[in-house]
Amino acid sequence: GGKCECCGYDKNIAALQFHHKNPEEKLFTLDARTIERKHDDEIIKEFNKCILLCSNCHMELHHPELVKENYEKFKEAGQGINYKVPHDLADLNID
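Novice: Before we go on, may I ask you to explain the overall build of the protein in this structure?
Specialist: Looking only at helices and strands, the protein has 4 helices and 2 strands in total. The linear arrangement of helices and strands in the protein, starting from the amino end, is β-α-α-β-α-α. Expressed as a percentage of its 95 residues, the buried residues of the protein come to 25%. Put simply, of all contacts in the protein between residues at least 6 apart along the chain, 60% involve residues at least 24 apart. Total accessible area on the protein is roughly 7100 Å²; 49% of this is exposed by carbon and sulfur atoms.

As structure tokens, then:
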């Protein structure tokens, strides 16, 4: 732990974010405001549903249509930035 599971970034922990592997299982967001009101066992259960990503990899995962190479392909196809590609953790090669 302590680094992005996609690219290995570990320079600043403020840039690391929790990403729920299965959004349908997400009960709450893991941020300071939320976890201060939760019991330890609830927090640990939620942590176990997540992977740690840097903010860049997290945004690329949620918005693949805006990755430069993808955006250019969609633009050429006339689909623009409104085209949504479902994110897939398998593409990240994460165990």
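Back to the write-up after that little detour.
Novice: I would appreciate a short explanation of the confidence of the model for the protein in the present structure.
Specialist: Any residue range with low pLDDT should be treated as having predicted coordinates unsuitable for detailed reading. Taken as a whole, the protein shows an average pLDDT of 81; of its residues, 74% reach a score of 70 or greater. The spread of mean pLDDT over the elements of the protein runs between helix H4 (residues 68-76), the lowest at 69, and helix H2 (residues 40-47), the highest at 95. Scored below 50 in pLDDT, residues 81-87 shows 12 contacts in the model against residues more than four places distant or in partner chains.

Novice: Looking at this model, I keep getting lost on the pairing of strand S2 (residues 50-54). Mind explaining?
Specialist: Regular strands place side chains that alternate from one sheet face to the opposite one. Here S2 lies mainly inside the structure; 5 of its 5 residues are buried. One ladder, built from 5 bridges, connects strand S1 (residues 16-20) with S2; its direction is antiparallel. Residue pairing for S2: histidine 20 is matched across the bridge by cysteine 50.

Novice: Where do I start with helix H3 (residues 55-62) in this structure?
Specialist: Side chains three or four residues apart in an α-helix point the same way, a direct result of the helix having 3.6 residues per turn. For H3, every residue scored as buried is listed here: Cys57, His58 and Leu61. All buried residues of H3 project into a common sector of 100° when viewed along the axis, lining one side. Check the buried side of H3 and you find it contacts S1 and S2.

Novice: Can you walk me through the packing of aromatic side chains in this structure?
Specialist: The geometry of an aromatic ring pair comes down to the distance between the two centres and the angle between the two planes. Counted according to the given criterion, the structure contains 1 aromatic pair. For the pair phenylalanine 18 and phenylalanine 47, a centre-to-centre distance of 4.7 Å together with 55° between the ring planes defines the contact as tilted. With a gap of 29 residues between them, phenylalanine 18 in strand S1 and phenylalanine 47 in helix H2 connect regions that are remote in the sequence. The exposure class assigned to phenylalanine 18 is partly exposed, which follows from its relative accessible area of 34%. When its relative accessible area of 29% is taken as the criterion, phenylalanine 47 is described as partly exposed. Cation over ring: lysine 38 sits above phenylalanine 28, and NZ or CZ is 4.6 Å from the ring centre.

Reading the values: the criteria
Residues numbered from 1 in each chain as written. Predicted model: local features only at pLDDT ≥ 70, side-chain atom pairs only at ≥ 80, totals over all residues. Heavy atoms only, no water. Helix = DSSP H or I, 4+ residues; strand = E, 2+ residues; numbered from the N terminus. Buried < 20%, exposed > 50% of the residue type's maximum accessible area, 1.4 Å probe, protein only. Contact = heavy atoms within 4.5 Å. Areas by Shrake-Rupley, 256 points an atom, 1.4 Å probe, with all protein chains shown as cover. pLDDT = per-residue confidence, 0-100. Pairing = 2+ DSSP bridges. Arc of directions from axis to C-beta. Phe/Tyr/Trp six-rings, centres within 6.5 Å; stacked < 30°, edge-to-face > 60°. Lys NZ or Arg CZ within 6 Å of the ring centre and 35° of its normal.

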